[in-house]
Amino acid sequence: MDFPPLSTKVIFAAGDREGAVQEAAQILREGGIVVVPTETVYGLAANALDGEAVAKIFKAKGRPQDNPLIVHIADASMLAGVAVVTSCGEKLMRAYWPGPISLVMHKGEQIPDIVTAGLSTVAVRMPEDVLVREIIRAAGVPVAAPSANLSGKPSPTNARHAFEDMGGRVPLIIDGGPCGVGVESTVVDVTGDVPVVLRPGAVTVEMITDVCGEARLHSGAAAGTPASPGMKYRHYAPDARVYVYHGDKKEVAKSIRYMYNLCKEKSVEAVVFCVDSCAGMYAGLPTITLGGDAAQVSAALFASLREADEAGYGAILFHYVEEMGLAVKNRIAKAAENKATAE
Ligand code: TXA
Ligand code: MG
């Protein structure tokens, strides 16, 4: 470890909400880093106006410097000096803020280059989670926060998983319970005439089209080629190998059983991930069911990837169905990639 090991305190916000808010805010004001809950995933927060504080985020996560961070605000007054709001951006703010959507806009003069990795644009979001907005308001500054995982690992969706990655690297973790959304915010570029979704999330392309008249998904955003700088790195990956299957359900079930047996021959324990309605197809195989629709599967996904590792599985056989939605498709495709570099 090339950083001094810290003792990491966890505060259960349901027990001492005001204490949690004040302690977190004080660390932020003093230029430190702290793990905070949001409705999407847990974030690793620092004062977005303080380049030295932001540098601590990159160090604690082991994150490449060319991957920009999202700036979180508590209310619209914090936008001054942070971003130049476009008309489509403003419409999306009215419709979906506070909420799980980050808007890429031209950067304001107050944001140091390290936050945006030198880009002329900045991603901004107002989280729905009330506790984190209280912390930001108490700190009195916008807060840069990537997901609180070690680079390349699945984003933490509960405080235990945040502790697993950030224990010893941060002085404080605020436990706000499990994240309701479970996948990271939609990232949408609103600097051009047509909004472009760089990372799919709970706010869908259709929802953006409803507000702006049109919107498109970046060609690489479902999977594959990088859309936003962070997308080129390996993401969301558990230690287990992930294999994604998609298509006719019966054929998929046959392939998954075949693969399960191949793994077994190689002494690799595999586990099937699927929606509730497919669980019956995998009788006799270890199975983790993720729920029945996109919202439930999103909420369960990252914690289940980590739980598969904890249980010692060496392979995850993921039965993807359309009902899981684009955000899940994007995350699981990334988890299955064999890239050496990490986010
Ligand atoms: O839900 C979320 O967004 C969570 C919580 C903590 O708010 N945060 C999060 O941050 O997922 P992070 O750093 O793990 O992901 C930020 C993504 C990366 O893919 C990054 O490349 C992209 O947003 N991004 C940030 N600034 C950008 C910009 N100016 N232009 C294009 N993409 C940008
Ligand atoms: Mg992340």
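Our subject is the structure that appears above.
Student: Quick one: what's the story with the packing of helix α9 (residues 294-310) against helix α10 (residues 326-336), residue by residue and with numbers?
Tutor: Geometry of a packed helix pair, given as the angle between the helix axes and the separation of the axes. Running from N to C, α9 and α10 point in directions that differ by 15°, and their axes come no closer than 10 Å. One finds that α9 runs roughly parallel with respect to α10. Once α9 is placed against α10, the crossing between them reads as left-handed. Contacts between α9 and α10 involve Val-297, Ser-298, Leu-301, Phe-302 and Leu-305 from the former and Val-328, Arg-331 and Ile-332 from the latter. Grouping the constituent residues of the contact of α9 with α10 by class yields six nonpolar, one polar and one charged.

Student: Go over the side chain of Asp-129 with me, naming the residues and quoting the values.
Tutor: Relative to the assigned elements, Asp-129 resides in the loop between β7 (121-125) and α5 (130-139). Within the structure, the side chain of Asp-129 is placed 2.9 Å from the backbone nitrogen of Val-132, a separation counted as a polar contact.

Student: Give me the lowdown on the sheet that holds strand β14 (residues 270-274), citing residues and values where you can.
Tutor: The parallel open sheet is built from four strands, whose spatial order is β13-β16-β14-β15. Each edge of the open sheet carries a strand with a single partner, namely β13 (241-246) and β15 (287-289). Recorded for the sheet is a direction-independent mean angle of 20° between the axes of neighbouring strands. Summarising the sheet, β14 and β15 pair through three bridges and their orientation is parallel. By the bridge assignment, Cys-274 is partnered in β15 with Thr-289. Each of β13, β14 and β16 (315-320) is contacted by helix α8 (residues 249-265), which is oriented at about 175° to β16, the strand it contacts most.

Student: Please provide a residue-by-residue account of α9, values included.
Tutor: End to end, α9 covers 24 Å across 17 residues, agreeing with the expected 24 Å (1.5 Å per residue, within 8%). Among all positions of α9, only Val-297, Ser-298, Ala-300, Leu-301, Phe-302, Ala-303, Ser-304, Leu-305, Arg-306 and Ala-308 are buried. Tucked inside the fold, the buried residues of α9 contact α6 (159-166), β14, β15, β16 and α10. Two residues or fewer past α9, Gly-312 is found with a positive phi of approximately 85°.

Student: Could you give me a rundown of the layout of surface pockets, with the residues and numbers involved?
Tutor: Summary: where empty space remains is shown by rolling a probe the size of a single water molecule over the atoms. Size it by volume and the second largest pocket reaches roughly 250 Å³. As for the second largest pocket, its lining consists of 20 residues, of which Gly-201, Ala-202, Val-203, Thr-204 and Ala-327 are closest to the centre. Here the residues of the lining of the second largest pocket are counted per class, giving 13 nonpolar, six polar and one charged.

Student: Pulling in residues and values, what's your account of the pattern of salt bridges?
Tutor: By the definition in use, this model includes 15 salt bridges. Between Arg-306 and Glu-164 there is a salt bridge, with its nearest N and O atoms 3.1 Å apart. Of this pair, Arg-306 sits in helix α9 while Glu-164 sits in helix α6; the two residues are 142 residues apart in sequence, bridging distant segments of the chain. Its relative accessible area of 4% is what places Arg-306 among the buried residues. Lys-254 is the salt-bridge partner of Glu-251, the closest N and O atoms lying 3.4 Å from each other. Here Lys-254 and Glu-251 lie together in helix α8, a separation of three residues that amounts to about one turn. We classify Glu-251 as partly exposed; its relative accessible area is 43%. Judged by its relative accessible area of 55%, Lys-254 is exposed. Linked by salt bridges that have partners in common, Arg-160, Glu-164, Asp-165, Arg-306 and Glu-310 make up one network.

Student: Can you break down the pairing of β7 residue by residue, with the values?
Tutor: A large share of β7 lies buried, amounting to five of its five residues. Where burial is concerned, the two faces of β7 agree: the one with Thr-121, Ala-123 and Arg-125 and the one with Val-122 and Val-124 are both buried. Two strands pair when backbone bridges link them, and strand β4 (residues 70-72) and β7 are joined in this way by three bridges, in the parallel orientation. Bridge assignment links Ile-70 to a residue of β7, and that residue is Ala-123. Here strand β6 (residues 101-107) pairs with β7 via four bridges, running antiparallel. What sits directly across from Val-104, in β7, is Ala-123.

Student: Explain the environment of Val-10 to me, using residue names and the numbers behind them.
Tutor: Locating Val-10 in the fold gives a position in strand β1 (residues 9-12). Aside from chain neighbours lying at most four places away, what touches Val-10 is Phe-163, Ile-173 and Asp-175.

Student: Describe in detail the side chain of Ser-147, supporting the description with residues and values.
Tutor: Locating Ser-147 in the fold gives a position in the loop between β8 (143-144) and α6. Engagement of the side chain of Ser-147 in a polar contact is seen with the side chain of Asn-149, the distance being 2.6 Å. Aside from chain neighbours lying at most four places away, what touches Ser-147 is Val-41, Tyr-42, Gly-43, Leu-44, Lys-61 and Ser-155.

Student: So, the packing of helix α3 (residues 87-96) against helix α7 (residues 205-212): which residues are in play, and what are the values?
Tutor: In the contact formed by α3 and α7, the axes pass within 9 Å of each other and the chain directions differ by 115°. You can see that α3 and α7 cross each other, and the crossing is right-handed. From α3, Cys-88, Lys-91, Leu-92, Ala-95 and Tyr-96 reach across to α7, where they touch Met-207, Ile-208, Val-211 and Cys-212. Of the residues in the contact of α3 with α7, the class split is eight nonpolar, no polar and one charged.

Cut-offs used in this document
- Residues numbered from 1 in each chain as written.
- Chains lettered and ligands numbered in written order.
- Predicted model: local features only at pLDDT ≥ 70, side-chain atom pairs only at ≥ 80, totals over all residues.
- Heavy atoms only, no water.
- Axes fitted to C-alpha atoms, helices over the stretch in contact; angles between N-to-C directions.
- Helix = DSSP H or I, 4+ residues; strand = E, 2+ residues; numbered from the N terminus.
- Parallel < 35°, antiparallel > 145°, perpendicular 65-115°, else oblique.
- Left-handed = near helix turned anticlockwise from the far one by under 90°.
- Contact = heavy atoms within 4.5 Å.
- Nonpolar A, V, L, I, M, F, W, Y, C, P; charged D, E, K, R; others polar.
- Polar contact = N/O pair within 3.5 Å; in protein donor to acceptor, adjacent residues only side chain to side chain.
- Pairing = 2+ DSSP bridges.
- Expected span 1.5 Å × (residues − 1).
- Buried < 20%, exposed > 50% of the residue type's maximum accessible area, 1.4 Å probe, protein only.
- 1 Å grid on protein atoms, 1.4 Å probe; cavity = no way out; pocket = protein on both sides within 12 Å on 5 of 7 lines; lining within 4 Å.
- Points joined across faces, edges and corners; volume = space filled by probe spheres on them.
- Salt bridge = Lys/Arg side-chain N within 4 Å of Asp/Glu carboxyl O.

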